[in-house]
Amino acid sequence: VRDRPSGKSNQDFINTAPIILVHGFGGWGRDTVAGMHYWGGFRDLESELRQSGYRVMTAEVGPFSSHWDRACELYACIKGGVVDYGAAHSAAYGHERFGRIYPGLYPEWDEEHPVHIIGHSMGGTTGRLLISLLRNGVPDEWATDVPSPLFRGGTQSIASLATVSAPHNGTTLIMGQGNVESLIRALVRTLGVMAGSDLLSEYPIQLEHWDLQRDAEESLSDYFRRLWVSDFWDESNPDSALADLTPEAMTRFNARYPADPQVRYISWATEATSSGLFSREWFPEPDMLPLFMPSSAYMGSFSPGIKGIEDREWWPNDGVVNTVSMSGPILGSRDEIRELDGSPQPGVWNFAGVLSSTDHAAVLGIPFWGPVDHGGFGTASEFYAALCELLLDYEGIE
């Protein structure tokens, strides 16, 4: 762990606080998919950062769950204990109130022992909601029987949040033409079925509170059938990741969860497209992960017609999220977004810049960082080490 300047106490500086890595939509924990790390691909980014002296831990939350459910899981993942989704919320959306039990990455976590968060994609917006719940609480939940301390409010144990490729204003990938959205939902449903089966047994679906785990004596075919026909994947379910990541949903999210004045926010964007010579469209660059090329091409020409961001601003993307969405909340938000200049300042979005020729997976080191020098960082480890330095920057701490 980095040394603190002499003459200062632990309460004066937060440089010894752990840094929690939070995965995005479809992601997984550090040891749950053999041979492939979400953070680092074939390399173990957590271990590399630890060897560089940073106290890094990897969280695991639901890959397909809503922002609310993921925030509740992230709280329990860090603190330890059973996930409490809230009595009022669970009743409203028709799932169980309690979820899995976590041992706790950092059980001593409180205001005297804060954490930093680095969130990729939906991991960044999940961190935003957790910050708001800690500060403001949820009166409807606190009025119920034995609520989680998360819903009490009045505290803040997150010192800073760094978001990488986060859909702060949603992604146009899941809006517009019905056939595109239907295809995406079908792909997600298929992945969910595989995740709970022997085909991809190590990948955690984490939907026990929706009763979508495979029962001990349930045949694989019966489980497939039950999971495939579940209403969880449908457009009619508002309590899922797909429902939460549209620009319309994120406009409401941004209005409801503004930046906390005591938290330092840092954002990085990614982009792996180029504009056409004789057209207004943006196209995926040749070294983009082939899996993302069809979605990137679609996003590079789709015009959502959303007030607040011009259509042409939506076209550059990283294959999954529009680059304009990554700097910070714009739609429905009064948050200030400013260029990072020196030390990150609290209560505003300190935008660090765009990593060019970097798609949504490449920024994680998946499958590898590649031959392109991404924004001046030779490796993924170098990029995240620099990000850790920003989070632990002494100059912005009073």
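Scroll up for the structure.
Now for a look at the structure at hand. These numbers were taken from a predicted model, which means no experiment stands behind them. (Residues numbered from 1 in each chain as written. Predicted model: local features only at pLDDT ≥ 70, side-chain atom pairs only at ≥ 80, totals over all residues. Heavy atoms only, no water.)

### Section: the pattern of salt bridges
Rules: Salt bridges are counted wherever a side-chain nitrogen of Lys or Arg sits within 4 Å of a carboxyl oxygen of Asp or Glu. Every helix listed is a DSSP run of H or I at least four residues long, and every strand listed is a run of E at least two residues long, numbered separately from the N terminus. Any residue under 20% of the maximum accessible area for its type is buried, any over 50% is exposed, and the rest in between are partly exposed; the area is computed with a 1.4 Å probe on protein chains only.
Taken as a whole and judged by the stated rule, the model has 12 salt bridges. Residues aspartate 84 and arginine 97 are paired through a salt bridge, measuring 3.0 Å at the closest nitrogen-oxygen approach. A residue pair is termed long-range when its members are at least 10 positions apart, and aspartate 84 in strand β3 (residues 81–84) and arginine 97 in the loop between α3 (87–93) and β4 (98–102) qualify at 13 residues. Its relative accessible area of 8% is what places aspartate 84 among the buried residues. Residues glutamate 248 and arginine 252 are paired through a salt bridge, measuring 3.6 Å at the closest nitrogen-oxygen approach. Taken together, the positions of glutamate 248 and arginine 252, both in helix α9 (residues 247–256) and 4 residues apart, correspond to about one turn of that helix. Arginine 252 carries the same exposure label as glutamate 248, and that label is exposed. Taken together, the salt bridges that share partners define one network made up of Arg30, Asp44, Glu46 and Arg50.

### With respect to unusual backbone geometry
For glutamine 206, which is not glycine, the phi torsion reads 55 degrees and is therefore positive. In this structure, glutamine 206 sits in the loop between α6 (178–195) and α7 (220–228). A positive phi angle, close to 55 degrees, is found at aspartate 211, a residue other than glycine. For aspartate 211, the position within the fold is in the loop between α6 and α7. Accessibility expressed as a relative area gives 44% for aspartate 211, which makes it partly exposed.

### Focus on the pairing of strand β1 (residues 19–22)
Regular strands place side chains that alternate from one sheet face to the opposite one. Heads up, the rule is: Strands are labelled as partners when DSSP assigns at least two bridges between them. Seen with its strands pointing away from the viewer, a crossover is right-handed when the path leading from the first strand over the helix to the second is clockwise.
Burial along β1 is two-sided: the residues Ile19 and Leu21 and Ile20 and Val22 are all buried. Alignment of β1 against strand β5 (residues 115–120), held across 4 bridges, turns out to be parallel. Residue pairing across strands places isoleucine 20 opposite isoleucine 117, the latter belonging to β5. Sheet analysis places β1 next to strand β2 (residues 56–58), joined by 3 bridges and oriented parallel. Looking at β2, one finds that leucine 21 is bridged to threonine 58. Following the backbone out of β1, through helix α1 (residues 45–51) and into the adjacent parallel β2, one traces a crossover that is right-handed.

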